[in-house]
Amino acid sequence: MATTPSPRLTSLSHGGGCGCKIAPGVLSDILRSSGAAGFVPPELLVGIETSDDAAVYRLNDEQALVATTDFFMPIVDDPYEFGRIAATNALSDVYAMGGKPVMALALVAMPVNVLPLDVIGAIVRGGQDVCRAAGIPIAGGHTIDSVEPIYGLVAMGLVHPDRVRRNADARPGDVLVLGKPLGVGVYSAALKKEQLDEAGYRQMIDSTTRLNTPGPLLAALPGVHAITDVTGFGLAGHGLEMARGAGVTVHIDWARVPLLPGVEQLAAQGFVTGASGRNWAGYGAGVVLAPGLPAMAQSLVTDPQTSGGLLVACAPDSVEEVLAVFQREGFAQAAVVGHVQQGPARLEVSA
């Protein structure tokens, strides 16, 4: 008997990867109307106040718990790679706080009457393999039958309270270093329309499954003041969160921002996600784009990055050490992309 072929994973979701995020303006309205601040115990070192990457709770003088969750719909059709990407993305928030992951729980929502069980199993196996590479177990989780396929993790880690690196502690005079090139959202838009070549696809998989292991090593450097990871709100959005949290101006030198190969050409052909436009609508008032920027700069600076790179604010005399950490951990394209200066809480992008 012939078996019914499994549908493309990306055909089952209305959005993929971190492009699924609720638009930043809508999210702000939701949080504001929900009274989300609530009870804040003194042990809670990092909560929702600066839109940081994870919550941090002091356990004792030597340890703080880093806790986060991240999940989304497929960004690729290969179920194993989807699982790897989703798990890598979820663990990134622990690394971004300076923490080392210790355990994860799986979040699995699948249309069980649509997807074959071996496809669902491959998604879960991809997540397990990433966690194994990170040296942690998936110790449990939760599953539901869902209309759209969704996979992710609850991730937990540990960090010394003195080594927590928030997104809000950048200082005037700091230099900004970005760990991964931009363009994952553009690649995903091209892939969904079957216009991404094999070389681009391999670049996409390599970027989105590379664990942000430099995080705790960078947090151990006294000259590193702030860390965040660039994900669904794009470089502009997460840079703006850094600016607002610290009350500074974050300046991006666009000519120095690393991009995945061919991304500018693909964006010029119209392969831009809807999330890019929603991002600009949500926070564009806080971003200043200088005259003379390339035509695609706005689309790329707002491009949602699934499992994107770390954005590090460090003292000028620590830049070489920061770049050396990235290099040792396999992030060959890490680059200085800007600086922090006194001024209004906004993000500026120069040509």
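Please read all numbers here as calculations on a predicted model, not as lab measurements. (Residues numbered from 1 in each chain as written. Predicted model: local features only at pLDDT ≥ 70, side-chain atom pairs only at ≥ 80, totals over all residues. Heavy atoms only, no water.)

A.B. asks: In this structure, what is going on with the sheet that holds strand β3 (residues 64-72)? I would like to understand it.
C.D. replies: Hydrogen bonds between backbone groups are what pair the strands of a sheet, and the pairing can be parallel or antiparallel. Strand order in the open sheet formed by 6 strands is β1-β2-β3-β6-β4-β5, with mixed pairing between adjacent strands. Edge positions in the sheet fall to β1 (44-46) and β5 (138-145), since each of these pairs with one other strand and no more. Pairs of neighbouring strands in the sheet enclose a mean axial angle of 20°, with direction left out of account. Pairing of β1 with strand β2 (residues 55-58) involves 2 bridges; the strand directions are antiparallel. Along β2, the bridge assignment pairs Leu44 with Tyr57. Contacts from helix α2 (residues 79-96) reach β3, β4 (100-110) and β6 (150-159), with the element oriented near 30° to β6. On top of the sheet, helix α3 (residues 117-134) reaches β4, β5 and β6; it is set at about 15° to β6, its chief contact. (Pairing = 2+ DSSP bridges. Helix = DSSP H or I, 4+ residues; strand = E, 2+ residues; numbered from the N terminus. Axes fitted to C-alpha atoms, helices over the stretch in contact; angles between N-to-C directions. Contact = heavy atoms within 4.5 Å.)

A.B. asks: Teacher, can you tell me more about the sheet that holds strand β10 (residues 287-289) here?
C.D. replies: Judged by pairing direction, the sheet is mixed, and its 7 strands sit side by side in the order β8-β11-β7-β12-β9-β13-β10 without closing on themselves. At either end of the open sheet lies a strand with only one pairing partner, and these are β8 (224-229) and β10. Direction aside, the axes of adjacent strands within the sheet are offset by 20° on average. The strands touched by helix α7 (residues 234-246) are β7 (175-178), β8, β9 (249-253), β10, β11 (310-314) and β13 (346-350); relative to β13, the strand with the most contacts, the crossing angle is about 135°.

A.B. asks: How should I be thinking about the nonpolar core in this particular structure?
C.D. replies: Generally speaking, soluble globular proteins have nonpolar side chains that are buried together. Counting 81 residues, the largest nonpolar core has Leu91 and Trp254 as the members making the most contacts within it. No other element matches α2, which puts 8 residues into this core. If we skip the residues at most four places from it in the chain, Leu91 touches Pro101, Val130, Cys131, Ala134, Ile136, Leu153, Ala155 and Leu211. (Core = buried A, V, L, I, M, F, W, Y, C linked by side-chain atoms within 4.5 Å. Buried < 20%, exposed > 50% of the residue type's maximum accessible area, 1.4 Å probe, protein only.)

A.B. asks: In this structure, what is going on with the pattern of salt bridges? I would like to understand it.
C.D. replies: Side-chain pairs of opposite charge can arise where the charged atoms are in close proximity. Applying the stated criterion to the full structure yields 8 salt bridges. A salt bridge links Arg8 to Glu194; the nearest nitrogen and oxygen atoms lie 3.5 Å apart. One end of the pair, Arg8, is in the segment before α1 (24-34); the other, Glu194, is in the loop between α4 (184-192) and α5 (198-208), and 186 residues separate them in sequence. On the basis of relative accessibility, which here comes to 30%, the residue Arg8 falls in the partly exposed class. You can call Glu194 exposed: its relative accessible area is 59%. Measuring nitrogen to oxygen at the nearest pair gives 2.5 Å for the salt bridge that ties Asp129 to Arg132. Within this pair, Asp129 and its partner Arg132 are both found in helix α3, separated by 3 residues, close to a single helical turn. Sharing partners across several salt bridges, the network here consists of Arg8, Asp77 and Glu194. (Salt bridge = Lys/Arg side-chain N within 4 Å of Asp/Glu carboxyl O.)

None of the figures reported here should be taken as evidence of function without further support.
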